[in-house]
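The primary structure of each chain is shown beneath.
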Amino acid sequence: MCGIVGYVGSREATEVVVGGLQRLEYRGYDSAGIAIFDPDCGLQLRRSVGKLHNLVLRLGQEPVTGRVGLGHTRWATHGNVTEENAHPHRDASGRIVVIQNGIVENYLELKGRLLELGYHFHSQTDTEVIAHLVGHYYREEEALEPAMRRAMAELRGGNAVVAFCVDEPDRLIAARLGNAGGVVIGAAAGETFIASDVPAILDYTREMIFLEDRELAVITRQGAAITTLNGAPVTRRPVSVPWDPVSAARGDYKHFMQKEIHEQPRALMDVLRGRIDQEAGQVHLEDLRLDDAALRQVERIYATACGTAWHAGLVAKFMIESLARVRVEVDYASEFRYRSPVLGSDALLLAITQSGETVDTLAAMEEARAQGVPSVAIVNAIGSQAARVADGGPLYLHAGPEIGVASTKAFTSMLVAAYLFALRLGQARGTLRPAQIREHLQALVELPGKAATVIERALPICEDLAEHYYRASDALFLGRQVNYPIALEGALKLKEISYIHAEGYPAGEMKHGPIALIDEAMPVVCIAPRDAIYEKMISNIEQVRARHGHVIAIGTEGDTLLASKADHVIEVPPTLPLLQPVLTVIPLQIFAYYMALRRGCDVDQPRNLAKSVTVE
Ligand code: G6P
């Protein structure tokens, strides 16, 4: 949440900072602001309410110039969406500016102290507290770096902060406290970049250094000098990020979500690449740090995640329990540590996260570490915090950057990564013989092609469906067994981008409540592939029809019975039952996309949401 960009070098800083913010806007779009310094023009601050576009317009009318600067795109936590609350914030002297991502948990206490000292506040934000605190210590220290150290030492909560002072115009100071989201530094010849996330600076460098908890970096043209907040020097080698700038751009697509839906066949290939040996019937997970002996010890897995990734966890439970015969519990990461979980010495935490920066998921990993339980992270963002702290190793999705707030390609890649993990576990524990694994691998390699077929088929049907149903105020999604989480995911996709109230339910539970909602105005999406509980699903569809609900069915190719029962059908090719969700979810993504489009909603940046949730 909130995007941060900073630059020191010889280019026009505004271009770098605004360009970077454009790539980070998915982190928050309530307001945006920049501060650029030039020896002749001084410190130039521009802030605007609303999307970054408004700031760009403002900059067109009131341009700024300089070779050093910083910028911020805000997801409001403290205080309304107003220009006064937009970052950057200034200290009392007006010579120091600060941007922040996170929450200062003790800001009221700090603000009280600063008010007593005579400081005046112009905003309701916790960030302004940091600005005044840094300014206060600057007066004593006469240098920004020690002032930042002292200010950071007083903050509680997860926070990433970047500061600039006009009296030290050759540098930015960045510091990180807790899990407030990433701080990534990229150094090139004679210039240094800083951002909350990799895509912001991918145009300039792929060599990235990630700042860890309780570290501070002095950013100059020559690079970054990193120390702990206590001043101990830190040597860190850059990580080479294999993403190219094109992968983070929208290209010819109208929306990132649309692009990412279309990227799924490729992403499904990339998650498999180099990890399967079909001849030998084996799975190799290169980054996994748990060998066969360690995997054999695991008797319980806690899958923890948030949002769409949590739905992937629900599917992973089916995969792991069925293929590796290990018990799996699935937890919302935001609940996990607050229920004092009893993990046990034979447990493993499976964190699932696209961004690798979701604060609750990171906290669940911390809880596991505190109980001596190893973590494995199914994660997309290379070098992210989850990838770094997973002592059992990251299992990268290799899906490329996902920018659309509604997750699509990361979700289907998560399902395949979880499947690979389940196979790897089954291989180590001897629950699967190579011949069986071979069959699973064959199904996996056929998936990308099948996903492409589903996309092609679903696009025109969903566009028509949207025309038909875009006025709906509610929708119900039903699925059973492994497709129950897909019903949840379909409902989440629809509600988050089209603002239609939608509920996902296990179809068998419909009779215990939701059936009361069904009438002739209610579209009911039923996921009904030909599987072991197909007939039960058909009965549930009959029950919906008897109440005059409109049935949109997702079914298996050539299923004439289903076609005769439903108002609309989208067909998916057959695959192994546990892999069905990878295909059945795709029409639901496309349905949500067209519904949102038809209702005139902002598909990539739905109201109130942000892609990386770095606050609790
Ligand atoms: C936010 C995003 C969702 C995402 C969830 C978890 O709510 O809007 O798309 O599923 O966070 O994010 P993660 O990065 O941990 O997968």
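Presented here is an overview of the structure given in this document.

About the cut-offs
- Residue numbers restart at each chain and count upward from 1, following the sequence in its written direction.
- Since the coordinates come from a predicted model, pLDDT governs what is reported: local features require at least 70, and pairs of side-chain atoms require 80 or more to be given and counted, while whole-chain, interface and lining totals use all residues.
- The side-chain figures draw on all heavy atoms in the structure; neither hydrogens nor water molecules are used.
- In this analysis an axis means a line fitted to C-alpha atoms, helices contributing only their contacting stretch, and an angle means the value between N-to-C directions, from 0 to 180 degrees.
- Only DSSP runs of H or I reaching four residues or more are called helices, and only runs of E reaching two or more are called strands; each is numbered from the N terminus.
- Here roughly perpendicular refers to angles of 65 to 115 degrees, roughly parallel to angles under 35, roughly antiparallel to angles over 145, and oblique to all remaining angles.
- In this scheme, a crossing is called left-handed if the near helix is turned counterclockwise away from the far one by less than a right angle; it is called right-handed if the turn is clockwise.
- By definition, residues are in contact when any of their heavy atoms lie within 4.5 Å.
- Residues are grouped as follows: Ala, Val, Leu, Ile, Met, Phe, Trp, Tyr, Cys and Pro are nonpolar; Asp, Glu, Lys and Arg are charged; every other residue, Gly included, is polar.
- Consider each residue's heavy atoms; a residue with any of them within 4 Å of a molecule or strand counts as near.
- As used in this structure description, the phrase polar contact means that two N or O atoms lie within 3.5 Å; if the pair is within protein, one of them must be able to donate a hydrogen and the other to accept it, and residues adjacent in sequence are counted only when both atoms belong to side chains.
- Each accessible area value is a Shrake-Rupley result obtained with a 1.4 Å probe; residue values ignore everything except the protein chains displayed when judging cover.
- Using a 1.4 Å probe on the protein chains alone, a residue whose accessible area is under 20% of its type maximum counts as buried, one over 50% counts as exposed, and one in between counts as partly exposed.

**Structural notes on the packing of helix α4 (residues 127-141) against helix α5 (residues 144-154)**
Part 1: For the pair α4 and α5, the least separation of the axes is 8 Å and the interaxial angle reads 135°. Classified by the interaxial angle, the pair formed by α4 and α5 is oblique. When the axes of α4 and α5 are compared, the crossing they make is right-handed. In this structure, α4 contributes Leu-133, Val-134, Tyr-137, Tyr-138, Glu-140 and Glu-141 to the contact, and α5 contributes Leu-144, Pro-146, Ala-147, Met-148, Arg-150, Ala-151 and Glu-154.
Part 2: Considering only residue class, the contact of α4 with α5 consists of nine nonpolar, no polar and four charged.

**Describing the site of the ligand**
Part 1: Around the ligand lies a shell of 13 residues, among which Thr-308, Thr-353, Gln-354, Ser-355 and Thr-358 are the nearest.
Part 2: Thr-358 places a polar side-chain atom, nitrogen or oxygen, 2.5 Å from an oxygen atom of the ligand.
Part 3: Contacts to the ligand include Val-405, whose backbone N or O atom sits 3.0 Å from an oxygen atom.
Part 4: The protein chains hide 90% of the 390 Å² of surface that the ligand would expose on its own.
Part 5: Among the elements that line the shell around the ligand, the one with the most residues is helix α9 (residues 307-324), at three residues.
Part 6: Across the shell around the ligand, the residue classes break down as five nonpolar, seven polar and one charged.

**Details of helix α7 (residues 264-272)**
Part 1: Buried residues dominate α7, accounting for seven of its nine residues.
Part 2: Along α7, the residues that are buried comprise Gln-264, Pro-265, Ala-267, Leu-268, Asp-270, Val-271 and Leu-272.
Part 3: In this structure, the buried residues of α7 make contact with α6 (256-262), β15 (276-277), β21 (394-396), α13 (409-429), α14 (434-469) and α18 (580-598).

**A look at unusual backbone geometry**
Part 1: Of the consecutive residues His-87 and Pro-88, the connecting peptide bond is found in the cis state with omega at -5°.
Part 2: By the secondary structure assignment, Pro-88 is in the loop between β4 (68-74) and β5 (89-90).
Part 3: Of note in this structure, Glu-142 is not a glycine but carries a positive phi near 55°.
Part 4: If you trace the backbone, Glu-142 turns up in the loop between α4 and α5.
Part 5: A residue is classified by how much of its surface remains accessible, and Glu-142, at 63% relative accessible area, is exposed.
Part 6: In the Ramachandran plot, Gln-481 falls in the positive-phi region, its phi being about 50° despite a non-glycine side chain.
Part 7: Turning to its location among the elements, Gln-481 is positioned in the loop between β22 (474-479) and α15 (484-498).

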